[in-house]
Amino acid sequence: MMQTSAARRDLALAAIVVLLFVSVTAAFPKFARPGNLAEILDDSAILILLALGQMLVILTRVIDLSIAANLALSGMLVALLNKNYPGLGIGPVLLIAVVSGTLLGAINGLLVWRLKLPPIVVTLGTMSVYRGLIYLLSGGTWVNDNQMSPQFLGFIRYELLGLTLLSWLAIIGVAVFAVSMRYTVLGRNLYTAGGNPSAATYTGIDPGRMQCIAYTICGAIAGLCGYLWVARFAVAYTDIALGFELQVIAACLIGGVAIAGGIGTVAGVVLGCLFIGIIRNALPLIGISPFWQMGINGLVIVVAAVLSARRREQKRAILETQAA
Amino acid sequence: MSMPSFKALWRWESMLSLVLIIEFVSFASLSPYFLDVWTLSDATFNFTERAVIALPLALLIIAGEIDISVAAIIALSSVAMGLAAAAGIQTPGLVAIGLGTGLAAGMVNGALVTLGRVPSIVATIGTMTLFRGVAYAVLGDRVLKEYPPSFSVFGQGYAVGALSIELSVLIVLAVMFGLFLHVTRWGRTIYAVGANPIAAKWSGVPVDRYRFALFAVTGLCSGLAAVLLTSRLGSTRPSIAQGWELEIISMVILGGVSVWGGKGTIPGVLLAAAVLGLVNFGLGLLNVPGIVMSIIVGALLISVVALPVLAERWWGRPVGRHS
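Predicted model, so just to flag it, every value in this text is computed and none were measured.

Definitions and limits used
Residues numbered from 1 in each chain as written. Chains lettered and ligands numbered in written order. Predicted model: local features only at pLDDT ≥ 70, side-chain atom pairs only at ≥ 80, totals over all residues. Heavy atoms only, no water. Helix = DSSP H or I, 4+ residues; strand = E, 2+ residues; numbered from the N terminus. Rg over C-alpha atoms; globule rule 2.2 N^0.38 Å. Buried < 20%, exposed > 50% of the residue type's maximum accessible area, 1.4 Å probe, protein only. Contact = heavy atoms within 4.5 Å. Areas by Shrake-Rupley, 256 points an atom, 1.4 Å probe, with all protein chains shown as cover. Core = buried A, V, L, I, M, F, W, Y, C linked by side-chain atoms within 4.5 Å. Buried area = accessible area lost by both parts, 1.4 Å probe. Salt bridge = Lys/Arg side-chain N within 4 Å of Asp/Glu carboxyl O. Polar contact = N/O pair within 3.5 Å; in protein donor to acceptor, adjacent residues only side chain to side chain. Nonpolar A, V, L, I, M, F, W, Y, C, P; charged D, E, K, R; others polar. Expected span 1.5 Å × (residues − 1). Lys, Arg positive; Asp, Glu negative; His and termini not counted. Axes fitted to C-alpha atoms, helices over the stretch in contact; angles between N-to-C directions. Parallel < 35°, antiparallel > 145°, perpendicular 65-115°, else oblique. Left-handed = near helix turned anticlockwise from the far one by under 90°. pLDDT = per-residue confidence, 0-100. Phe/Tyr/Trp six-rings, centres within 6.5 Å; stacked < 30°, edge-to-face > 60°. 1 Å grid on protein atoms, 1.4 Å probe; cavity = no way out; pocket = protein on both sides within 12 Å on 5 of 7 lines; lining within 4 Å. Points joined across faces, edges and corners; volume = space filled by probe spheres on them. Patch = residues over 30% accessible without salt bridge, like charges linked within 9 Å, V, L, I, M, F, W, Y side chains within 5 Å.

Focus: the overall build of chain B
Right, so step 1: If you tally the helices and strands in chain B, you get 14 helices and 2 strands.
Right, so step 2: Computed over C-alpha atoms, the radius of gyration of chain B comes to 20 Å, within 12% of the 20 Å expected from 2.2 N^0.38 for 323 residues, which places it in the range of a compact globule.
Right, so step 3: Referenced to the eigenvectors of the C-alpha coordinate spread, the extents of chain B come out at roughly 65 × 55 × 35 Å.
Right, so step 4: When each of the 323 residues of chain B is scored for burial, the buried share is 56%.
Right, so step 5: Contacts in chain B between residues far apart in sequence, at least 24 positions, make up 78% of those at least 6 positions apart.

Given below as structure tokens:
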């Protein structure tokens, strides 16, 4: 039941995204140029990766507000590393970005799992702390593109079959998520832990541990995206990606991830991100100021939330009459 | 809420007062400029506008809901006032428009949560994006600053001596909210709604009506904060009050309000507002950059919720705010 309703929702969202794409293309045939499509994907890649990480967290009934601060701190760390040791190459940079992100994510996870602290408060707190640490780490200075090594900047721009390596990373990420959320024990456990924590406990799954794992994976992704972000925009400073956490959550909500946990699909999240990406790319073409982007996103979230709440109400009504 | 936990809450407020006193003494000894009536009056501007929103938000969180859109409502109200001012409307009209926009935005939130049955965090993340998005869509990268001279009185004026109008507004509101929450029947009902909404509903409490009213009041106070802030700055950009939602929520939680609902006091929230505002101002006086402050706030926030849990684990009995 849940599977089919999620599939139906994904299908509807896909139809909307395709419709959006077709109508923009009808008006501006250049929009469907392969080059432009590759650009949309390149633009959306970081959002897609982060939204997948956030999806895991929301699935298990918690939330990660520190995701953008984690990204910024890990990004600053590797930017400084690259500035001081430009000869290290790309391997250590990737490794340290992921390790730092993982640790920062694990802190959230342990606080929520071991101490049973409210997730909003914990991640609000770590968000502030991580942001402040960037300042202490960098002394408030910027790392500019002329202080970054060519490999550091070039890695994500390396083109393979017409797509940048950044886009390929997103594609690989989506593939890994699609397979593991459906076919691995961990993936199924995450859904179970969020869908019904008490039932999960009885079947031997610790929901708290699942939350901790979700936070840790989400942190690892945020760390990786820290490097991607810094390399893509060729600058690192204290305020990078400020407020981006709410955009990531917005992408999840548009993609049909339920804040109450247990419901959400990889396809939905990717479609949600593409929806945002297409609108962002199309607005200037249609001649509408890009300043409308945020308002449109907000409207979409509100409408999507009301629609899914309505559907949930109906389902609950059925359950209650059956119980009575 | 039983008496023992009320006492525990009281202890939390004493701790905040102690922190406030320590702050006072240390800043006074570190900087010779601190203990001056006008310096202290300046310091209050650091928290008055945020505290004006923290009061209704505390009630909302005690009732088990949350509003993330408060800062976006400030932006929306401010843009509405800016456009009205550009069209030649005078100060009383501007205030009415600012408050009205805030109230309307709050009612949208309330309707989404009560009629639309959307969880409040989702609804207000949506309206946050929507309200701020409308502000950006209308204003783009422009700035509005054609405010009439008399409009500046709210944010820059003084009621008596060094007592600013902003601070007097906050004091009046704090007394009103404090009495409402801690003395009236409606206040008790808010605790009941937050502690167990289903039980409250079965006891005949019109839960949805309370929720709607609280969202509306939070919107109205956000509109009021928009009037104060816009008047103080004298200009409107769509990015006005960016990021304040999380600062205001931090203020409420530091004040001892439980995010699970059902617990918290107005004096606690006020003390937390003053503590945060003073730290901000004092560190500025000592030339410490504001961002360092965010580490302290973040660590405090986590400690506030972690300490009672750790204490319970180590001493095997509930200590502090967990009953």
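Let's talk about the overall build of chain A
Right, so step 1: Looking only at helices and strands, one finds 13 helices and 4 strands in chain A.
Right, so step 2: Over its C-alpha atoms chain A spans a radius of gyration of 20 Å, differing by no more than 12% from the 20 Å that the globule rule assigns to 324 residues.
Right, so step 3: By its C-alpha atoms, chain A is 70 × 55 × 35 Å across when sized along the principal axes.
Right, so step 4: Here chain A, with 324 residues, has 55% of them falling under the buried criterion.
Right, so step 5: The long-range share in chain A, meaning contacts at least 24 apart out of those at least 6 apart in sequence, stands at 79%.
Right, so step 6: About 13900 Å² of surface is accessible on chain A, with carbon and sulfur atoms providing 70% of the total.

Section: the nonpolar core
Right, so step 1: Core analysis: the largest hydrophobic core is formed by 206 residues, its most contacted members being A:L50, A:M55, A:L117, A:M181, A:Y227 and A:L228.
Right, so step 2: Ranked by residues supplied to this core, first place goes to helix α2 (residues 34-59) of chain A with 14 residues.
Right, so step 3: Leave out the neighbours within four places in its chain, and A:L117 touches A:L111, A:V112, A:V122, B:W260, B:I302, B:V305, B:A306 and B:V309.

Structural notes on the interface of chain A and chain B
Right, so step 1: Contact with chain A, which involves 43 residues of that partner, is made by 42 residues of chain B.
Right, so step 2: Taken together, the two surfaces of chain A and chain B that pack against each other cover about 3500 Å², and 85% of this comes from carbon and sulfur.
Right, so step 3: The interface formed by chain A and chain B holds 0 salt bridges in total.
Right, so step 4: On the surface where chain A and chain B come into contact, there are 2 residue pairs in polar contact (both at pLDDT 80 or more).
Right, so step 5: Listing elements by their share of the side of chain A that touches chain B, those giving two or more residues are α4 (90-114), α5 (119-138), α11 (244-254) and α13 (293-323) of chain A.
Right, so step 6: Looking at the side of chain A that touches chain B, the element that brings in the most residues is α5(A), giving 15 residues.
Right, so step 7: Of the residues contributing to the side of chain A that touches chain B, the split by class is 28 nonpolar, 8 polar and 7 charged.

Here's the deal with helix α13 (residues 266-285) of chain B
Residues and elements named next belong to chain B.
Right, so step 1: With 20 residues, α13 should reach 28 Å at 1.5 Å per residue; the first-to-last C-alpha distance of 28 Å fits that figure.
Right, so step 2: Of all 20 residues in α13, 15 are buried; the element is thus mostly enclosed.
Right, so step 3: Two or three places before G268, at the opening of α13, T265 has a side-chain oxygen 3.2 Å from that residue's backbone nitrogen.

Details of the pattern of salt bridges
Two side chains with opposite charge may pair up if their charged atoms get near one another.
Right, so step 1: Under the definition given, this model contains 8 salt bridges over all chains.
Right, so step 2: A:D42 is paired through a salt bridge with A:R232; the nearest N and O atoms lie 2.9 Å apart. Of this pair, A:D42 sits in helix α2 while A:R232 sits in helix α10 (residues 207-233); the two residues are 190 residues apart in sequence, bridging distant segments of the chain.
Right, so step 3: By relative accessible area, A:D42 is classed as buried at 13%.
Right, so step 4: Bridged by salt links that share partners, the residues B:E65, B:R117, B:D208 and B:R211 form one connected network.

Topic: the side chain of B:E245
Right, so step 1: In this structure, B:E245 sits in helix α12 (residues 244-254).
Right, so step 2: One buried charge, B:E245, has no salt-bridge partner; the nearest side chain with opposite charge is B:R132, at 4.6 Å.
Right, so step 3: The residues touching B:E245, leaving out its near neighbours within four places in the chain, are A:L246, B:I68, B:V70, B:A71, B:A72 and B:M128.

As for the packing of α4(A) against α10(A)
Residues and elements named next belong to chain A.
Right, so step 1: Look at α4 against α10: their axes get within 6 Å of each other, and the N-to-C directions meet at 150 degrees. Taken together, the axes of α4 and α10 lie roughly antiparallel to each other. Of the two possible hands of crossing, α4 and α10 adopt the one that is right-handed.
Right, so step 2: Of the residues belonging to the contact of α4 with α10, the class tally is 14 nonpolar, 10 polar and 1 charged.

Concerning the confidence of the model for chain B
Residues and elements named next belong to chain B.
Right, so step 1: On average, chain B scores 87 in pLDDT, and the residues at 70 or more come to 94%.
Right, so step 2: Within the model, the stretch residues 319-323 combines pLDDT values under 50 with 19 contacts to residues more than four positions away or in other chains.
Right, so step 3: Across the predicted assembly, pTM comes out at 0.85 and ipTM at 0.80.

Let's talk about the packing of aromatic side chains
All names here are of chain A.
Right, so step 1: Under the defined criterion, the tally for this structure stands at 11 aromatic pairs over all chains.
Right, so step 2: Aromatic pair F155 and Y227: ring centres 6.3 Å apart, planes at 45 degrees, arrangement tilted. Of this pair, F155 sits in the loop between α6 (150-154) and β2 (159-160) while Y227 is found in helix α10, placing the two residues 72 residues apart along the sequence.
Right, so step 3: Pairwise contacts between aromatic rings join F152, F155 and Y227 into one cluster.

A word on the layout of surface pockets
If you roll a probe as big as a water molecule over the atoms, it shows you where there is empty space left.
Right, so step 1: Reported here for the second largest pocket is a volume of approximately 1700 Å³.
Right, so step 2: For the second largest pocket, the lining is made up of 48 residues, of which A:L242, A:G243, A:F244, A:E245 and B:Q242 are closest to its centre.
Right, so step 3: Taken together, the residues of the lining of the second largest pocket sort by class into 24 nonpolar, 14 polar and 10 charged.

Topic: empty space enclosed by the protein
Right, so step 1: Taken as a whole and judged by the stated rule, the model has 1 cavity of 30 Å³ or more.
Right, so step 2: Put simply, the largest cavity is a space of about 40 Å³.
Right, so step 3: Lining the largest cavity we find A:I63, A:L65, A:I120, A:L246, B:I68, B:I121, B:I125 and B:L246.
Right, so step 4: The residue makeup of the lining of the largest cavity, split by class, is 8 nonpolar, no polar and no charged.

Quick notes on a nonpolar patch on the surface
Right, so step 1: Together, A:L77, A:L95, A:I96, A:V99, A:L103 and A:L137 make up a nonpolar patch on the protein surface, roughly 490 Å² of accessible area in all.
Right, so step 2: The leading source of residues in the nonpolar patch is α4(A), at 4 residues.

Overview of the packing of α2(A) against α11(A)
All names here are of chain A.
Right, so step 1: Two numbers describe how α2 lies on α11: the axes approach to 9 Å, and their chain directions differ by 75 degrees. Our classification of the angle between α2 and α11 gives roughly perpendicular. Residues L47, L50, A51, Q54, M55 and I58 of α2 pack against F244, Q247, V248, I249, A251 and C252 of α11.
Right, so step 2: Here the residues of the contact of α2 with α11 are counted per class, giving 10 nonpolar, 2 polar and no charged.

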